[in-house]
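Understanding the architecture of this molecule
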Amino acid sequence: MKYALLVHQPQEAFDKPRDPALAAAGKAYGEALHAAGVLVTGAGLQPPHTTTLVTVRDGKRQVHDGPYAETKEFLGGLVIIDVPHLDAALDWAARNPAASSATIEVRPLIGYAGA
Amino acid sequence: MNDSATQAAIESVARNSYGRLIAYLAARAGNVADVEDALGDAFAEALKRWPTDGIPEKPEAWLLRVARNRMIDAARHHQVHEKSEEYLQQITEEAQTVATTHDQFPDERLKLLFVCAHPAIDPAARTPLMLQTVLHVDAARIASAFLVSPAAMSQRLVRAKSKIRDARIPFRVPDPPEWDERVSFVLDAIYSAYTTGWDSLAETSSTHHALAGDAIAIGRTLVQLMSGEPEAHGLLALMLHCEARRDARYASTGEYIPLDQQDTELWSRPMIDEAESLLRKAAGFRRMGRYQLEAAIQSIHAHRAVTGDIDWPEILLLYEGLVRLAPGIGSLVGRAVALAQTGQPAAAVAALDEIPEGRIADYQPYWASRGHVLRMLGQAKEAEKAFTRAASLTDDPALRAYLFGQLNC
């Protein structure tokens, strides 16, 4: 069963200068996921001000500067893991060093229920 | 046995077997909803047939046979051969083999209880889900007990079951260090069924009364399934102590009677004895917890039936422990009352004043207790204000009348 662990962070988390200790912890977390054989893929995202929004309505492409103004938290990164069940996914979410400041959303992927 | 006792015995066997089957099948299918659909009819059929045919020797095998026939009928009728349906049929066949070859059908209800009270399930759905899956309590009755429309309750339950299936919440018994927290979720969900059944009941034999009975039934199952967990014993002891006083809570003319004035002759001796024995067993494990402390407090109240008075210093001691372990609004108010009863009304008011504003706004026992404590201090005017506030916060007419009656004392 594949789960996405989506890291949601407030704007302040992106504004802060890069913390070397946190970066090292993040790297170690990625290596642990890999070593456990559960990592499918993962990525960190650039800050919210780099966001561009695209929609196509009535065949017309519209491009806007993002992110959504009303959003309080922004996606900062994601990891996709393959584990047997939700409890295992929650354990990995809690181990993410970002969990101590950010919120980790755990969502199963479509189409992997039997996997 | 008379007819109603026979009926109750049949229902109890049917519910037990049903719960075991749901747990066993759902654990393998990872899916509660489909399994319930398959077994629901079989359960209804059992309640119809068993009173005349007698309880079958292997109730689980009987239920599975009916369920399997229904599944095959349904498959023919719909002409669908979905993968999930085939899988369900397959595990039902396997369960049938287990049911016919084993003396006792395996009991995996503990896994089901942990799923119902899983932290990933909406807290408002946990207790209803438990009542529906483990005891097969009618959804309409659950809705009425929780004061929501049947449609809203059904939506809440459907959503929870979809979550179990789609997010793949595992049917497993957690290990330490997770165990303590996860057990507390299970205990809280059961206790919530009990208090929902307890809170508003002027009329006995209501849906609420039945719900309290359901909670006790799950509590008993839990003690069987977790025979080494002192808090499971504590919870059942607490519920039995409260339940023992059901007939003494209101006068025959309907007036509310506070605990310390109840006629102890009306208390149920067998329930008190059972509660006391459970508490002793729990104490043997030497691991204190919230429910054991709460049950111990009720045990001291129960002791009034023997000694004629209430050991308030002991109650205060227990509340001190409870406040450290579980500083809920109930234990904070209880501790203040115990302070007042041990001759420290000023300390009691101070303790009440310390409770944050946001937690007391709609909590009736806080204002009733405040009224009593202020009256002890001779602050009649302030006491009246508190009693009036308390009276305005209850939905029980008898309790409201009692609280208004305090104004003229």
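Note that the coordinates shown come from a computational prediction; the quantities given were computed from them, not determined experimentally.

Each helix and strand counted, chain B has 21 helices and zero strands in total. What you see for chain B is a C-alpha radius of gyration of 24 Å, in line with the 22 Å of a compact globule of 409 residues. With the principal axes as the frame, chain B shows a C-alpha extent of 80 × 45 × 45 Å. Looking at the 409 residues of chain B, the share that counts as buried comes to 42%. Sequence-distant contacts, at least 24 apart, represent 63% of the contacts inside chain B between residues at least 6 apart.

Below, the discussion takes up the overall build of chain A. Helix and strand counts for chain A stand at three helices and six strands. Sequence-ordered secondary structure for chain A, helices as α and strands as β, is β-α-α-β-β-β-β-α-β. Overall, chain A is about 45 × 40 × 20 Å in size when its C-alpha atoms are taken along their principal axes. Across the 115 residues of chain A, 15% fall into the buried class. Put simply, of all contacts in chain A between residues at least 6 apart along the chain, 80% involve residues at least 24 apart.

Residues and elements named next belong to chain B. If you trace the backbone, His303 turns up in the loop between α13 (290-302) and α14 (304-307). Judged by C-beta crowding, with 17 C-beta atoms within 10 Å, His303 ranks as partly exposed. Note: C-alpha distance between His303 and Leu88 (215 residues apart in sequence) is 53 Å.

Of all hydrophobic cores here, the largest spans 133 residues; its most connected members are Ala26(B), Leu39(B), Leu63(B), Ile190(B) and Ala336(B). If sequence neighbours within four positions are ignored, Leu39(B) has contacts with Tyr18(B), Leu21(B), Ile22(B), Leu63(B) and Ala67(B).

With that out of the way, let us pick up the environment of Ser192(B). Note on placement: Ser192(B) falls in helix α9 (residues 178-199). In this structure the C-alpha to C-alpha distance between Ser192(B) and Ser84(B), which are 108 residues apart in sequence, comes to 34 Å.

Here, UniProt's "domain: YCII-related" (unreviewed entry) annotation points to residues 1-110 of chain A. As a span, residues 1-110 of chain A carries 28% helix and 39% strand, and end to end its C-alpha atoms are 10 Å apart.

This part takes up the pairing of strand β5 (residues 73-82) of chain A. Both strand β1 (residues 2-10) of chain A and β5(A) contribute to a ladder of nine bridges, which runs antiparallel. When the sheet's bridge partners are listed, Pro10(A) is paired in β5(A) with Glu73(A).

Residues and elements named next belong to chain B. At a closest axis distance of 8 Å, the pairing of helix α11 (residues 230-243) and helix α12 (residues 269-283) adopts a crossing angle of 160°. Considered as vectors, α11 and α12 are oriented roughly antiparallel to each other. When the axes of α11 and α12 are compared, the crossing they make is left-handed. From α11, Pro230, His233, Gly234, Leu236, Ala237, Leu240, His241 and Glu243 reach across to α12, where they touch Met271, Ile272, Glu274, Ala275, Leu278, Leu279, Lys281 and Ala282.

Attention shifts here to helix α17 (residues 345-354) of chain B. An α-helical turn contains 3.6 residues, so any two residues separated by three or four positions project in the same direction. Residue and element names in this part refer to chain B. Residues of α17 that are buried include every one of Pro345, Ala348, Val349, Ala351 and Leu352, and no others. Projected down its long axis, α17 carries its buried residues within an arc of 160°, all on one side. In this structure, α17 carries Ala350, Asp353 and Glu354 as exposed residues pointing more than 90 degrees from its buried face.

Either a parallel or an antiparallel arrangement is found when strands of a sheet pair, and the pairing is made through backbone hydrogen bonds. Residues and elements named next belong to chain A. With respect to topology, four strands assemble into an open sheet ordered β2-β5-β1-β6, the strand pairing being antiparallel. Each edge of the open sheet carries a strand with a single partner, namely β2 (39-44) and β6 (103-108). Ignoring which end each strand starts from, the neighbouring axes of this sheet average 20° apart. Those strands touched by helix α3 (residues 86-95) are β1, β5 and β6, and its axis lies near 155° from that of β6.

Residue and element names in this part refer to chain A. Pro67 follows Gly66 through a cis peptide bond whose omega is -5°. Although it is not a glycine, Asp58 adopts a positive phi angle of roughly 50°. Of note, Asp58 is situated in the loop between β3 (52-57) and β4 (60-65).

Now for the packing of α12(B) against α13(B). All names here are of chain B. Closest axis-to-axis distance for the α12/α13 pair is 11 Å, and the angle between their directions is 135°. The angle between α12 and α13 places the two elements in the oblique class. With respect to the hand of their crossing, α12 and α13 are arranged in left-handed fashion. Residues Ile272, Ala275, Glu276, Leu279 and Ala282 of α12 form the contact with α13, whose own contacting residues are Gln292, Ala295, Ala296, Ser299 and Ala302. Per-class residue counts for the contact of α12 with α13 are seven nonpolar, two polar and one charged.

Now for the confidence of the model for chain B. Per-chain confidence: chain B averages 91 in pLDDT, with 95% of residues scoring 70 or above. The secondary structure element of chain B with the lowest average pLDDT is helix α3 (residues 59-78) of chain B, at 84, and the one with the highest is α13(B), at 98.

Residue and element names in this part refer to chain B. For helix α19 (residues 364-376), spanning 13 residues, the distance from its first C-alpha to its last is 19 Å, which sits close to the expected 18 Å at 1.5 Å a residue. Across the 13 residues of α19, ten count as buried, placing the element largely inside the fold. Turning to α19, its buried residues are Gln364, Tyr366, Trp367, Ala368, Ser369, Arg370, Gly371, His372, Val373 and Leu374. Packing partners of the buried residues in α19 comprise α16 (329-341), α17, α18 (357-360), α20 (380-391) and α21 (397-405).

The share of residues in chain A with pLDDT of 70 or more is 97%, and the mean pLDDT across the chain is 91. Across chain A, the element-wise mean pLDDT spans from 89 in helix α1 (residues 11-15) of chain A up to 97 in β6(A).

Residues and elements named next belong to chain B. Here Pro51 lies in helix α2 (residues 33-53). Judged by the 14 C-beta atoms lying within 10 Å of it, Pro51 is partly exposed. Taking the C-alpha atoms as reference points, Pro51 and Ala139, 88 residues apart in sequence, are found 23 Å from one another. Contacts of Pro51, omitting those with residues within four sequence positions, involve Thr6, Gln7 and Ile10.

Parameters at a glance
Residues numbered from 1 in each chain as written. Chains lettered and ligands numbered in written order. Predicted model: local features only at pLDDT ≥ 70, side-chain atom pairs only at ≥ 80, totals over all residues. Helix = DSSP H or I, 4+ residues; strand = E, 2+ residues; numbered from the N terminus. Rg over C-alpha atoms; globule rule 2.2 N^0.38 Å. Buried ≥ 20, exposed ≤ 12 C-beta atoms within 10 Å, placed from the backbone. Contact = placed C-beta atoms within 7 Å. Core = buried A, V, L, I, M, F, W, Y, C linked by C-beta atoms within 7 Å. UniProt positions renumbered as here; feature names shortened; annotations may be inferred. Pairing = 2+ DSSP bridges. Axes fitted to C-alpha atoms, helices over the stretch in contact; angles between N-to-C directions. Parallel < 35°, antiparallel > 145°, perpendicular 65-115°, else oblique. Left-handed = near helix turned anticlockwise from the far one by under 90°. Arc of directions from axis to C-beta. Nonpolar A, V, L, I, M, F, W, Y, C, P; charged D, E, K, R; others polar. pLDDT = per-residue confidence, 0-100. Expected span 1.5 Å × (residues − 1).

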